[in-house]
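Each chain, letter by letter, is given below.
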Amino acid sequence: MSPMLHIKLCTKDDIVLLSPWDNIEYFEEAFQEQEDSKRLILLAFIDGTLTGYVHLNRFPKYAPFRHMGIYEIQDLFVIPAFRRQGIGERLVGACERYAAAEGATELGIGVGVAGRFGAAQKLYTRLGYIPDGAGVVFEREPMTEGTVKPVDDRMCLMLLKNISLEGSIGDA
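Everything quoted here is computed from the prediction, not taken from an experiment.

### Observations regarding the nonpolar core
Leu56, Ile73, Leu107, Tyr124 and Tyr129 are the most contacted members of the largest nonpolar core, which has 28 residues in total. Per-element tally for this core: the top contributor is helix H4 (residues 87–101), with six residues. One finds Phe27, Ile41, Leu43 and Ile79 within the second-largest nonpolar core, a separate group that totals 13 residues.

Below, the structure written as structure tokens:
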């Protein structure tokens, strides 16, 4: 029998578990935003071991999403030893269910355009996310033709999914 994946909302006590994966101050700020109902931080565990996390931002920096009231999935991360087991898909599905439960009909996500984001690009496409049509953004601001910026994790393509359709919300 395969181990059970459990997804839960982050608590203050969980923040220390996240410190190996990013700056602890970042997670403390994000947790305060969760306390202020601006975002959710969801954690995935197998047998009590943290396997990944994701943020569901109710007030994203990307202006088109913010102006249309579209929540954005951010910072999806699965610990390398636990990748290719469906954990990322389950975390995205949990975000979709939380957003739908709050009345959202669309959900957004940004994905890096560099090759190292290829697995994420394929995952989001398979889950039904499509480009929002605005082109590439840098630090969530639209790029204009002729602009030169580094191709790193700040350069993204913003994607959308209609989560109001019957059967469109992923399983968790």
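Now that the structure has been shown, the text picks up again.
### Considerations on the packing of aromatic side chains
Within the structure shown, the criterion is met by five aromatic pairs. The interplanar angle of 90° and the centroid separation of 5.3 Å between the aromatic rings of Phe27 and Tyr53 together place this pair among those described as edge-to-face. Here Phe27, found in helix H2 (residues 24–35), pairs with Tyr53, found in strand S3 (residues 49–57); they are 26 residues apart in sequence, far enough to count as distant. Where Tyr53 meets Phe77, the ring centres are 5.4 Å apart and the plane angle is 40°; that geometry is what we call tilted.

### Examining unusual backbone geometry
For Arg84, which is not a glycine, the phi torsion comes out positive at approximately 65°. Looking at where Arg84 falls in the secondary structure, it is placed in the loop between strand S4 (71–78) and H4. Since its relative accessible area comes to 84%, Arg84 is described here as exposed. Positioned with a positive phi, Arg140 is a non-glycine residue whose angle comes to about 70°. By the element assignment, Arg140 lies in the loop between strand S6 (130–138) and strand S7 (141–142). What makes Arg140 buried here is its relative accessible area of 17%.

Rules and cut-offs
- Residues numbered from 1 in each chain as written.
- Predicted model: local features only at pLDDT ≥ 70, side-chain atom pairs only at ≥ 80, totals over all residues.
- Heavy atoms only, no water.
- Core = buried A, V, L, I, M, F, W, Y, C linked by side-chain atoms within 4.5 Å.
- Buried < 20%, exposed > 50% of the residue type's maximum accessible area, 1.4 Å probe, protein only.
- Helix = DSSP H or I, 4+ residues; strand = E, 2+ residues; numbered from the N terminus.
- Phe/Tyr/Trp six-rings, centres within 6.5 Å; stacked < 30°, edge-to-face > 60°.

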